[in-house]
Amino acid sequence: MTAFVLKRLGFAAITLFAVLTIVFFIVRVLPGDPAMAILGDQASQSALEALRVRLGLDVPLYQQYFVFLGGVVVGDWGVSLVSGRPVIEEILKVLPATIELTVASLILGIVVGVPIGVWSAVRRNKLPDYLARIGSLLGLSFPAFVSAVLLLLFFSIHLRWFPVISSGQGSGLADRMRDLALPAINLGLIMAAYITRVTRSAMLEVLNQDYVRTARAKGLAFAIIVWRHCLRNALIPVVTVVGLYLGILIGNSVLTEIVFNRPGLGKLIVGALNQRDYTMLQGMMVIYTLIVVLVNLITDLTYGLIDPRIKYS
Amino acid sequence: MKTGLGIALAALLATGQAYAAGTTLNVGMASADAGKLDPHVATSTPDKGLLHWMFNGLVRIKPGEASPEFIEPDIASSWTTSDDGLTWVFSLRDDVECHGDYGKIDAEDVVYSLTRSANADISAFAKDYTAFDSVEATGPLEVTIKLKNKIPSLLGLLVPYHGGNIVCKDAVEALGDEYQRTPIGTGPFMFAEYQPQQYVKLVANPEYFRGEPKIKEIFYRYIPSDSSRDLAFQSGEVDMIYGKQEQTWVERIKEVPGTVVSVMTPGEMSVIHLNMKMPPLDDLRVRQAVAHAISRDAMVQFKGPDVTLAAISPVPEGNLGFTADVPTYEYSVEKAKALLAEAGHPDGVTIKAIHTTLPGMLTTMEAIQALLREASINLEIETVEHATFHEQIRKDMSQVTHYAAARFPVADVYLSQFYHSDAIVGTPTAVANFSHCSVADAEIEAARVEGDLQKQLEYWAEAQRKIMAEVCVVPIVQSMQLWAWKDTLDLGVEVKGSLNLSPPVTEAASFSQ
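Read on for an overview of the structure. (Residues numbered from 1 in each chain as written. Chains lettered and ligands numbered in written order. Predicted model: local features only at pLDDT ≥ 70, side-chain atom pairs only at ≥ 80, totals over all residues. Heavy atoms only, no water.)

## Details of the packing of helix α8 (residues 284-293) of chain B against helix α10 (residues 333-342) of chain B
All names here are of chain B.
Thought 1: Where α8 meets α10, the closest approach of the two axes is 8 Å, and the angle between their N-to-C directions is 165°. When the axis of α8 is compared with that of α10, the two are roughly antiparallel. For the pair α8 and α10, the sense of crossing is left-handed. On α10, the residues that touch Arg 285, Val 286, Gln 288, Ala 289, His 292 and Ala 293 of α8 are Lys 335, Ala 336, Leu 339, Leu 340 and Glu 342.
Thought 2: For the contact of α8 with α10, a count of residues per class yields six nonpolar, two polar and three charged. (Axes fitted to C-alpha atoms, helices over the stretch in contact; angles between N-to-C directions. Helix = DSSP H or I, 4+ residues; strand = E, 2+ residues; numbered from the N terminus. Parallel < 35°, antiparallel > 145°, perpendicular 65-115°, else oblique. Left-handed = near helix turned anticlockwise from the far one by under 90°. Contact = heavy atoms within 4.5 Å. Nonpolar A, V, L, I, M, F, W, Y, C, P; charged D, E, K, R; others polar.)

## Some words on the pattern of salt bridges
Side chains that differ in charge, positive against negative, can pair when their charged atoms come close.
Thought 1: What the rule picks out here adds up to 31 salt bridges over all chains.
Thought 2: A salt bridge links A:Asp129 to A:Arg133; its shortest N-O distance comes to 3.1 Å. Placement of both A:Asp129 and A:Arg133 in helix α6 (residues 127-141) is noted, with a separation of four residues, approximately one turn of the helix.
Thought 3: Owing to a relative accessible area of 0%, A:Asp129 belongs among the buried residues under this scheme.
Thought 4: Classification of A:Arg133 by relative accessible area gives partly exposed; the value is 32%.
Thought 5: Here A:Arg178 makes a salt bridge to A:Asp179, at a shortest N to O gap of 3.5 Å.
Thought 6: Owing to a relative accessible area of 11%, A:Asp179 belongs among the buried residues under this scheme.
Thought 7: Salt bridges sharing partners connect three or more residues here, namely B:Asp226, B:Arg229, B:Lys244 and B:Glu246. (Salt bridge = Lys/Arg side-chain N within 4 Å of Asp/Glu carboxyl O. Buried < 20%, exposed > 50% of the residue type's maximum accessible area, 1.4 Å probe, protein only.)

## A few points about the interface of chain A and chain B
Thought 1: Each partner contributes residues to the interface: chain A has 49 residues there, and chain B has 52 residues.
Thought 2: Counting the surface lost from both chain A and chain B, the interface buries some 4200 Å², and carbon and sulfur atoms represent 54% of this.
Thought 3: On the surface where chain A and chain B come into contact, there are zero salt bridges.
Thought 4: At the boundary of chain A with chain B, the tally comes to 11 residue pairs in polar contact (both at pLDDT 80 or more).
Thought 5: Here the residues of the side of chain A that touches chain B sort into 24 nonpolar, 13 polar and 12 charged. (Buried area = accessible area lost by both parts, 1.4 Å probe. Polar contact = N/O pair within 3.5 Å; in protein donor to acceptor, adjacent residues only side chain to side chain.)

## What to know about the state of the cysteines
Residue and element names in this part refer to chain B.
Thought 1: All chains considered together, the criterion is met by two disulfides over all chains.
Thought 2: In this model Cys 98 forms its disulfide with Cys 168; the gap between the sulfur atoms is 2.1 Å. On the sign convention where negative is left-handed, the bridge of Cys 98 and Cys 168, at about -110° about the S-S bond, is left-handed. Highlighted residues: Cys 98 in the loop between β5 (87-92) and α3 (107-117) and Cys 168 in the loop between α4 (154-158) and α5 (169-175), separated in sequence by 70 residues. (Disulfide = S-S within 2.5 Å.)

## A look at helix α11 (residues 265-274) of chain A
Thought 1: The element α11(A) is extensively covered by neighbouring structure, given that seven of its 10 residues are classed as buried.
Thought 2: Here α11(A) has its buried residues at A:Leu265, A:Gly266, A:Lys267, A:Leu268, A:Ile269, A:Gly271 and A:Ala272.
Thought 3: If you follow the buried residues of α11(A), they end up packed against α5 (87-122), α10 (222-259) and α12 (278-306) of chain A together with β10 (217-222) of chain B.
Thought 4: Where α11(A) ends, the next residue or the one after it, A:Arg276, has phi of about 55°, a positive value.

## Some points on the environment of A:Leu61
Residue and element names in this part refer to chain A.
Thought 1: By the secondary structure assignment, Leu 61 is in helix α4 (residues 61-73).
Thought 2: Overall, the relative accessible area of 38% leaves Leu 61 in the partly exposed class.
Thought 3: A C-alpha to C-alpha distance of 49 Å links Leu 61 and Thr 199, two positions 138 residues apart in sequence.
Thought 4: In contact with Leu 61, not counting residues within four places along its chain, are Phe 24, Phe 25 and Arg 28.

Take a look at the structure:
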C-alpha cells in the first residue's frame, strides 16, 4: 500500500513537471502583451518597455523558465502581475470556496444520483425508469450557466428565498449555507445526472448476475439484495466516473462562480486570462494539476475499500 | 420535526435580508476582482471608479460634470499663474486629513504625490508629466509647479483622475507594497476591507473636510456576470450597478420599479481610422467614398439612440476644444460610387480590417461593413482575439482600424494620441495614430503652448477641420457611460458626467428611505 502510494506520488511529480513546462510555454505564446494589459492602451513605448523589464519579461525565455521552476519548488509562485499580491496567497484565499462548492455538489450529486440510478435500474422500462432517464438527460443537456440563471430567476427573483449574489459577509453556518445552496444545487444536479446514468447501467449489469438470482432464490429481501449486495458491486464504475467528473466539476464551477458571484478559482482564472496575468495563470495550473492528481489517487485508493479483492502492488 | 425545519429555513432565509439600507450603499461593478488600488497605478474602469470616492486632487471637476470647464478648487484653495503660464503657485487648505492616523495634508505630500505621478518606475501616467520642470514646496501650505513649456491644461493634470490624485506621503512610505492593497487617501470614503473576488468595503471619513458623508459604508461588489448584476439590482441586493452599453439594457433596467438610469459623459468614441499609406486608401477620393458610404444616423439607430451620440469630429463632443464646424460627408451611396469611379475603381474596392472578436465592437464593424457594401466597398474583416488585435494594429498591419476610446476630455489628448505624426504606429514614439495622419501637426503643437484660450480653441478647431478634410478618420458614434441606481438614492447633484467613470458618491449622497 505504502509503496503503491509512493509510486503514484512519483508519477504525480512527473505529471506536474510536464504540466508546468507546457503551461509555462503556452502562456507565453498566448497573444497579447501583459505590460499593455496593465498600463492600458495610452501607455508610451518607453513605459511599456520599463514595465517589461520590471516584470522580468525582458530576459531570455529559458531564464524565465528556470526562475519559474525554482520558485514553484520553494513555494514562491511569484506575484500577480495585475493585483501585485503573491499568487499563492491569492489562490489560497479562494481555494476553500471552490472546494466547499465542489464537495457540496459532489455530496448532492451522490445523494440524488445513486438512489435514482438504482431505482431506475430496478424498475427498468417502467415509468420511474423513463422519468429518471429523461431527468438525467435534461441535467446533462443544460449548460451550467443556463441552469444557473433559471435557478436565480425562480428561487431568488420569483420566490425570493435566496440571494442572487453571494454577499461574502458573515461567517456563520446560516450565511454559508444560504450562499452555497443555489450554486451547489446547480452543479450538484448536473453531477447527479451523470451519476444516475452510470449507476443505472452498472446496476443493470449486476442485477443479471447469478449471485443475485441465488440470493433471491434463498428468499433474501429484495431491498437487502439491491442495497447491500448489488450496489456495492456496482460502485466501481460510479467511483471512476465521480473521480473523472470531479475535474469537469471544477471546470463547471468557473461558470457557476461567475453567475452566482461566488469567490473561487473560476473567477480568478477568468480575470487572469482577461488580463494576461502570466504568473497567476501558472499558479492556477499548478493547483488544478495538483487537484486532479490528488483526486485520481483518492479514486484509486477507494477501489480497494469497495472491493477487497483489489490489491495494491 | 416539521416545525424545527420550518424555523431553521426561516432563519436561514431571514439572513438574506441582512443588507443594511439607509446608510449602506451596495454597488455592483462589472469586474471579477480588484486590481492594484494605487491611484497612480490603476488604469482599469472598475479600479478608477472605486478610487474616485477615496481621493482628492489639488483641483477637481465639479461632481456630476466631466468637462474641464467645471474645474474648481479641491485640496488647493486658490492658485495663481505667471504671465508666461510656466509657473503656477497653489495655496492649500489647512484642514485636509489623511485617512487613518497619517496626519494632515501639507505641501510635502503634494510634492511627493506629483513627483510620484511623474516617476515612470511607479506611475502609469508618467508621460503626462513630462512638461513638469519642478514641483516644490514653497511654504508649509504652498506648492509651486514650474513647467518646461506650456501645456494645454495644467489644471486638467491636477484633477484626481490619473496622476492628479494626492496621496499621503507617510502612508505610502509606511505601507510600502501594501499601499496598493490598502489605499490611503483624503476623500469622503476610506478603505476598510477587501474580500477577494467579493467586495471592497469603504467607510465614511468622519474627518472629511467637506463634512462627514451621510452614507456610512459602501460595498463595492465585483459581479462580472451582466445578468447576475441586473438580477441583484432587481432583487434589491445592490443599489447601484454599472450598465451594459446596450440600448436593450437601458430599456430593460428602466422597467425595474424605482430605477434611475444615468447616461453619462465622457463617451467612448468609435471611429474608423483609414490607413493613408496603404492603397487604395492612399487616394483621398477613396477615403471620401468610405466617409460618404457610412450613415451616422443609421449607426446611432443601430447602437441605440438612448446610449449613443453621433460623432462628428475627430474630437468627442463635450471635450474642451471640440468643434462641430468641420467638413462632413453626408450619407450618399451615389457620391461614394462616383468618387470610387473617379479614383479608377468603377467596380468598387476591397479593403481589409483586422478586428477584435469583442462582440460589442464586432457588431458595430459588421454594420459598417453592410453600409459599405451598398457603395461597392467590400470590407473584409479578419477577426482576431482582442489582445492580438491590439498587437497587430500597433504593428501597422490593418488598412482599416476600428477603435473605441475615452480620454481626458481636452482636445489635445485625442489629437496628439491619434492624429499627430509622433504617434504613428510602428514608430518609436508610437501611440495610436493608425491612419498615419500628419496634416494637423502644426496646429496641434501650436495649441499645446498657446496661452490665449481663444487662440488655442481656434488651433484645435483648425486641426479638426484639416483631419476631416483629409479623411484620416471617419467618426461613427459616441457610446455613453451607463449606470443605474435606486431612486431612493440621492447623490446630491445632477449627474451629467463623471470623468472617473463612476457616479459621484460624495458627502452629499444619501438615501431618502
